[in-house]
Amino acid sequence: MITDFRRLLRADGGTQNREIYWNEDLYAQELEQVFARSWLFLTHESLIPNPGDFITTFMGEDRVIVSRGGDGVIRAFLNSCNHRGNIVCRADSGNVRSFTCNYHGWVYGLNGDLADVPLEKEIYTEPLDRKRLGLRQARVESYRGFVYGNFDPEAPSLLDYLGEMAWYFDSFMDVPGGAELLGPPIKVRFKANWKFFVENFIGDFYHAGWTHAAAIKVIGGALGMIQGNQAVAPGTQFATTFGHGFNASPGTDDLFPSIHQGRIATMFEDWMRSRLPVVRDKLGTERARLYNAIWDGGMFPNTSFLRGIDTWKVRQPRGPREVEVWTWTLVESEMPEELKRGIRHSNEKTFGAAGLLEGDDGENMEGNTHSSDGVITRQQPLNTEMGLGRETFRDEYPSMISEPADNEAAHRNFLRMWKTMMTAKDWDEIITRRRQDARR
Ligand code: FES
Ligand SMILES: [Fe+2]
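Residues numbered from 1 in each chain as written. Chains lettered and ligands numbered in written order. Predicted model: local features only at pLDDT ≥ 70, side-chain atom pairs only at ≥ 80, totals over all residues. Heavy atoms only, no water.

Digging into the nonpolar core
In plain terms, the rule: Residues belong to a common nonpolar core when they are buried Ala, Val, Leu, Ile, Met, Phe, Trp, Tyr or Cys residues joined through side-chain atoms within 4.5 Å. For every residue, the accessible area (1.4 Å probe, protein chains only) is compared with the maximum for its type, and the residue is labelled buried under 20%, exposed over 50%, or partly exposed between those bounds. A run of DSSP states H or I qualifies as a helix once it reaches four residues; a run of E qualifies as a strand once it reaches two. Both are numbered from the N-terminal end. As annotated, the domain borders come from an automatic or database domain assignment.
Counting 94 residues, the largest nonpolar core has F146, Y148, F169, W295, W312 and W427 as its most contacted members. For this core, the leading source of residues is helix 8 (residues 262-283), giving eight residues. In this structure, this core is formed jointly by two domains, domain 1 (40-141) and domain 2 (167-438), each of which donates at least three residues. Ranked by size, the runner-up nonpolar core spans 17 residues in total, among them A208, A215, I294 and L357.

A word on the coordination of the iron ion (ligand 2)
How we decide: Ligating atoms shown are N, O and S within 2.8 Å of the metal, or 3.2 Å for Na, K and Ca, and water is not included, meaning a site may look less than complete. Think of it this way: with four donors and all angles in the 85 to 135 degree range, the site is tetrahedral; with four or six donors, opposite ones beyond 155 degrees and the rest between 65 and 115, it is square planar or octahedral; otherwise it is irregular.
Summarising the metal site, the iron ion (ligand 2) is bound by the protein donors H207 (NE2), H212 (NE2), D361 (OD) and D361 (OD), whose distances to it range over 2.0 to 2.5 Å. Bound by four donor atoms, the iron ion (ligand 2) shows angles of 56 to 139 degrees at the metal and therefore irregular coordination geometry. Donor residues binding the iron ion (ligand 2) come from one chain and are separated in sequence as H-x4-H-x148-D. Residue H207 is found in the loop between helix 5 (194-202) and helix 6 (208-211), and its partner D361 is found in helix 11 (residues 356-370); the two are separated by 154 residues along the sequence.

Brief notes about the sheet that holds strand 10 (residues 137-143)
The cut-off we apply is this: Strands pair, by our definition, only if DSSP identifies at least two bridges between them. What counts as an axis is a line fitted to C-alpha atoms, over the stretch in contact for a helix, and the angles between N-to-C directions run from 0 to 180 degrees. The contact criterion used is simple: two residues touch if any of their non-hydrogen atoms lie within 4.5 Å.
Here seven strands make up an open sheet; going across it, the order is 2-11-10-5-4-3-6 and the pairing antiparallel. Each of the sheet's edge strands pairs with one partner strand only, and the pair in question is strand 2 (40-44) and strand 6 (93-95). Averaged over all pairs of adjacent strands, the angle between strand axes in this sheet comes to 30 degrees, irrespective of strand direction. In terms of strand pairing, strand 5 (residues 74-78) meets strand 10 through two bridges, oriented antiparallel. Bridged to A76 within strand 10 is A138. Packing of helix 4 (residues 164-173) onto the sheet brings it into contact with strand 10 and strand 11 (146-150), and relative to strand 10 it is tilted by some 60 degrees.

Right under this line is the structure:
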């Protein structure tokens, strides 16, 4: 295990050795130290509403099945047979009574226990130990319908892991009826390191006006003002104890113009106009402002999201130089169906497989990854010093903030959380070190 990170990440997070984006040993360490111990997004409760409903996904590179049992409880367990290792369930989603392995027909229940073994009596001398041979379970917890899994029994609860982020999430998840995701997710592969994608959403508002200049010209709307770097967008960047963060821009009391087009733009603005007073009453002025803002954000380690364009993404690592990006659409449950469909189309046009913005970002992320391993190039550190030393606290917010929204405070915070997890022996150490760091 690599323990000396002084060479890899400056203490304040302001520079990085490029190796952290391509080194195979560091990647293997990430899977063990970060992915096997963090809360990872699995699905939304509304996507598996009935007993027997399931989806298959990944936790790091471990395949998992997430299913709702006959008792209504959502569980997650490894999707690899305990006989000879075959994938137990190859479908992306569906409704079943049990999961049967393709190879020799072992059957697992909706709770992952081994339920049946073909010819068991005739072939095995003793009955098999069904518990021991069941599929290994992850811990599963939900926050406002968003379901996460964790393989580490020592990890804090999901709520503690979210920390200050729960307060911010509530500004769009604790609205009447709550928020939900429209699936199934769109899946696209890029030849890039997963961290570049997470950083790009967690706080990189800086790139939007330039990288997406052409796309914004077409899309217009709220982002028009930053097109081609004509102006710095007002707004604030937020960074939380366990590495989650986001930008919110502009967060004013006036209705923020939507990025949608035509009839959907009108419907969206009508919706926001009717909801804003309700959110203000329920959650107060600050969170009503956040509700009324465009966000780009991330939850450590590999979830990204936007408010306003309403995309929700997981960056599934596939080796240090490859990532599979899964994209759902984020909507409010009580929105009219036509508006939900319209938002989904907007999301597909911008962040779907052939989305205008997804393609722009992907090209950059692949460039970052593949230009960084030359023998001489790798000697040049990467830079995230924007806003360094200007991080601060303000009474109305529970976490560190930084202004303007064009900032790299959330990158630095994400990478310091990453370093802590990469080197800490257990969650006690992670919590102690992160609490010290959050006071910096
Ligand atoms: S590998 Fe699954 S039943 Fe044999
Ligand atoms: Fe982008």
